[in-house]
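One-letter residues, chain by chain:
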Amino acid sequence: MLRKLIIGALFAVAVQGPVHAATQGKQQSEDMTNEGLQLMSAGQMKAAYDKFAQAAKADPVSSYPLGAMATLYLFLATNPSVSAQDRESARDEAGAAAKQALALNVQDSLAQEVLRRLDGGAERPIYQPKNNAGELVAQGEALFGKKDYTGALVYYQQATVADPLYADAWVFAGGCHYSLRQWAQAETYFRKAAEIDPLHMQAWRFLSDALKEQQKWPELELALAGAIGANPDQQSSWQRMAQFQEHHGVPMTKLDLKIKARGGTGADGKPKIDIQPRAKDAPPAPQDDTFWFGLAMAQAAGALRQAQPGATVSAFEAELAAWTQAMKMLDEMEAKGPLQLQDKAVLAMRKLAADGQLAPALLLLQFKPAYRPDLEAWKTAHPQGVRQFVNTAHVMP
């Protein structure tokens, strides 16, 4: 089953659907890429690779075949049947292909997800469809691949009846409506999928596309905020929100926080601080160096507290405490004389902290998979928190 394999084994990164088709790649290149994905689902990796290579050659400016190739390498890099040496090589190739795709299209969601996974992003658990929903989706997939969207829709709808909690089936049915340019019906199915699985990346993405086609701007803003809340480390979600804000006359600023030092514990359990060397031609920035070293020291102390028997401090709580301490250090430095920080991103974080927005800034702008429980708790306490943060901070990662 094509989509079951790709959404499951490839962590839901390769289903681009009609939205992708409308924005990326010439038809021949797109068709060959889709053929490659089908070959990949059948375990024919070499044939799939050849198709992706042909697709890239047919349309050198399309990111789609390169993103698909990156998912192939990612699958190999995480396949236990592949030798350790080959898995490591596949990781390198996955990263290289993803970066090439992003050079062509910075919003390529396939490439973004591959890099996220390579950077340690958590794999979502694979939902096991009940009754015969999986088989119905497979039959729908065969027709969808032939662009028989009306025929495929029948099977996908039957799958939603067989297992109403199978979010992918709702997404696929919505995809058929979208391909048929039935925006309102597509919206209904995508919204239902997002309700069933609030962390479903494609449900939020396609819902926003269906809303955009209908020019439902308030609903679109909420869907874009939902996408960010589901996966704050997805750059494509932030970029789509930035486009929305720009369209409505409120541009967003890119934070682009470069980590200069980080603290933790080593294998021996002792404090460990890693400092990025300053470029030889970089001007001196003593206050910046003091800030980053102080933050790293606070992070190391937090890591030690987390390692204590019976410790209940979460990874996010430790990070928030470290940043709070580092911000207090800046206040103390400023009390002694003019603050001369050169790092604009740190200055932006300081302003957010002064506005009482340090916690959401770390959760949304510096998200890590280990922060998930705290993020969900924050979203529950602040149902409109993501949208409010975007509309007040006007900043993205």
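This text follows the structure it describes.
Residues numbered from 1 in each chain as written. Predicted model: local features only at pLDDT ≥ 70, side-chain atom pairs only at ≥ 80, totals over all residues. Heavy atoms only, no water.

A. Highlighting the overall build of the protein chain. Along the backbone of the protein chain there are 20 helices and four strands. Each principal axis of the C-alpha distribution contributes one length, and for the protein chain these read about 70 × 50 × 45 Å. A buried classification covers 49% of the 397 residues belonging to the protein chain. In the protein chain, once contacts between residues fewer than 6 apart in sequence are set aside, the share between residues at least 24 apart is 63%. Entry remark: accessible area of the protein chain is about 19,000 Å², with carbon and sulfur atoms responsible for 54%. (Helix = DSSP H or I, 4+ residues; strand = E, 2+ residues; numbered from the N terminus. Buried < 20%, exposed > 50% of the residue type's maximum accessible area, 1.4 Å probe, protein only. Contact = heavy atoms within 4.5 Å. Areas by Shrake-Rupley, 256 points an atom, 1.4 Å probe, with all protein chains shown as cover.)

B. Here's a closer look at the packing of helix α3 (residues 27-41) against helix α4 (residues 45-58). Contact geometry for α3 and α4: axes closest at 8 Å, N-to-C directions at 170°. With respect to α4, the axis of α3 lies roughly antiparallel. Seen from α3, the contacting residues are Q28, S29, M32, T33, E35, G36, L37, L39 and M40; seen from α4, they are M45, A47, A48, K51, F52, Q54, A55 and A58. Grouping the amino acids of the contact of α3 with α4 by side-chain chemistry returns 10 nonpolar, five polar and two charged. (Axes fitted to C-alpha atoms, helices over the stretch in contact; angles between N-to-C directions. Parallel < 35°, antiparallel > 145°, perpendicular 65-115°, else oblique. Nonpolar A, V, L, I, M, F, W, Y, C, P; charged D, E, K, R; others polar.)

C. Expanded view of helix α9 (residues 149-162). Its 14 residues place the ends of α9 20 Å apart at the C-alpha level, agreeing with the 20 Å of an ideal helix rising 1.5 Å per residue. Among the residues of α9, those classed as buried are Y149, G151, A152, L153, Y156, A159, T160 and A162. (Expected span 1.5 Å × (residues − 1).)

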